[in-house]
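Secondary and tertiary structure notes
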Amino acid sequence: MPAESVKGRLDGVLRRMLMRRATISACRPIAERFHLITLEGPALQGMSWAPGQKVQIAMAAPFVTRTYTPIEWDALTGRTRILCYVHGEGPGSAWARDVKPGDECDVFGPRSSVDPRPASGPLAVFGDETSIGLGYALSGRYPTRSAALHFELGDTEAGKHVLKHLDLSGVALFEKRADDAHVEQMAAALPSLVAAGASFVFAGKAATVQRLRQSLKQLDVTTPRITTKAYWAPGKVGLD
Ligand SMILES: Cc1cc2nc3c(=O)[nH]c(=O)nc-3n(C[C@H](O)[C@H](O)[C@H](O)COP(=O)(O)OP(=O)(O)OC[C@H]3O[C@@H](n4cnc5c(N)ncnc54)[C@H](O)[C@@H]3O)c2cc1C
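Rules of the game
Residues numbered from 1 in each chain as written. Predicted model: local features only at pLDDT ≥ 70, side-chain atom pairs only at ≥ 80, totals over all residues. Heavy atoms only, no water. Axes fitted to C-alpha atoms, helices over the stretch in contact; angles between N-to-C directions. Helix = DSSP H or I, 4+ residues; strand = E, 2+ residues; numbered from the N terminus. Parallel < 35°, antiparallel > 145°, perpendicular 65-115°, else oblique. Left-handed = near helix turned anticlockwise from the far one by under 90°. Contact = heavy atoms within 4.5 Å. Nonpolar A, V, L, I, M, F, W, Y, C, P; charged D, E, K, R; others polar. Domains from an automatic or database assignment. Buried area = accessible area lost by both parts, 1.4 Å probe. Polar contact = N/O pair within 3.5 Å; in protein donor to acceptor, adjacent residues only side chain to side chain. Salt bridge = Lys/Arg side-chain N within 4 Å of Asp/Glu carboxyl O. Buried < 20%, exposed > 50% of the residue type's maximum accessible area, 1.4 Å probe, protein only. Near = heavy atom within 4 Å. 1 Å grid on protein atoms, 1.4 Å probe; cavity = no way out; pocket = protein on both sides within 12 Å on 5 of 7 lines; lining within 4 Å. Sits in = over half its atoms within 2 Å of the grid points.

Two elements in contact, helix α5 (residues 181–188) and helix α7 (residues 206–218), have axes separated by 10 Å at closest approach and are oriented at 40°. Taken together, the axis directions place α5 and α7 in an arrangement best described as oblique. Between α5 and α7 lies a crossing whose hand is right-handed. Between α5 and α7, the contacting residues are V183, E184, M186 and A187 on the first element and T208, R211, L212 and S215 on the second. Here the contact of α5 with α7 is built from residues that sort into four nonpolar, two polar and two charged.

A few words on the domain arrangement of the chain. Each domain of the chain was delimited in the assignment, giving domain 1 (3–111) and domain 2 (123–232). Each of domain 1 and domain 2 has a C-alpha centre, and the two are 25 Å apart. Of all residues in domain 1, the largest losses of buried area upon contact with domain 2 belong to F34, P51 and I71, amounting jointly to 33% of the total for that side. At the junction of domain 1 with domain 2, the criterion picks out one residue pair in polar contact (both at pLDDT 80 or more). Those elements giving two or more residues to the side of domain 1 that touches domain 2 turn out to be β1 (20–31), β2 (34–40), β5 (70–74) and β6 (79–85). The residue inventory of the side of domain 1 that touches domain 2, partitioned by class, reads ten nonpolar, two polar and four charged.

Here we come to the pattern of salt bridges. Oppositely charged side chains can pair when the atoms bearing their charge come close. Evaluation of the coordinates by the stated rule reveals 14 salt bridges. Ionic pairing is found between D240 and K54, a salt bridge with its closest N-O pair at 3.1 Å. Highlighted residues: D240 in the segment after β12 (226–232) and K54 in strand β3 (residues 54–58), separated in sequence by 186 residues. What makes D240 partly exposed here is its relative accessible area of 39%. Note that R97 is salt-bridged to E89, the shortest N-O span being 3.6 Å. A cluster of three or more residues bridged by salt bridges with shared partners is formed by E40, E72, R79 and R81.

This next bit is on the site of the ligand. With respect to spatial proximity, 26 residues lie near the ligand, and among them R66, Y85, G92, A233 and G238 are the closest. T67 places a polar main-chain atom, nitrogen or oxygen, 2.8 Å from an oxygen atom of the ligand. T130 places a main-chain nitrogen or oxygen 3.5 Å from a nitrogen atom of the ligand. Judged by the fraction of its atoms near the pocket grid, the ligand is located in the largest pocket. Residue composition of the shell around the ligand, by class: eleven nonpolar, ten polar and five charged. When residues of the shell around the ligand are assigned to domains, at least three fall in each of domain 1 (3–111) and domain 2 (123–232).

As structure tokens, this is what we get:
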């Protein structure tokens, strides 16, 4: 049997063993490059989920998955939604752009990723296009714990449409600049948040996560108040 065929069969067996089958019940672009996708199915019922956790979705090619952040999870009906940013032509971007209602997919998770629960105080979330879903999940789940959201975006107008659609208000948006000067503006927001006793979540582009973390260290903020997760880095595929 050809090696490709063996790989394909093995992938099928592993998927059935480890992953949960879901059906796409809704999907639509809610703004330029941003697609809101609803996954449903009995296999998603009864799952224990916490905001910040991730799912890995199997792509068409054997052993290839891409990672997304559920913005909510209804364990009773077995329904979850993810907000995907179509940045380019990778398998994840192609899947998010082309998927249709009725399509099926295999989901691994939800599994632990970002967990700010041990840290106390209001939350300050910093991210990019890939982390708006995370911000939504974190702010929706803790109604008594305020979450100040900050996103660096290539297209702030599209970002505003997404925020309106998700009914997220009071979000600080930073237009991306080629020289990354906007990251300094994001870092400038940190001292007042530190003074207010916030705990920090940094997710999204690896370099920004690293830069903001360094700024916090200079402000003597200790690790228990900081949660970081790089969602992507230039040149790295399927970073997780
Ligand atoms: C824990 C976790 C949770 C995540 N949650 C979400 C989510 O909810 N929504 C979401 O949209 N994404 C999310 N991501 C990011 C997403 O998994 C990556 O962007 C992934 O690389 C997309 O797969 P792809 O096949 O399109 O690109 P890949 O094949 O993985 O990458 C191709 C190239 O594109 C670059 N690239 C990847 N992402 C970006 C980007 N955003 N902008 C510019 N270049 C990029 C890569 O560095 C690589 O050079 C998450 C990632 C992690 C680790």
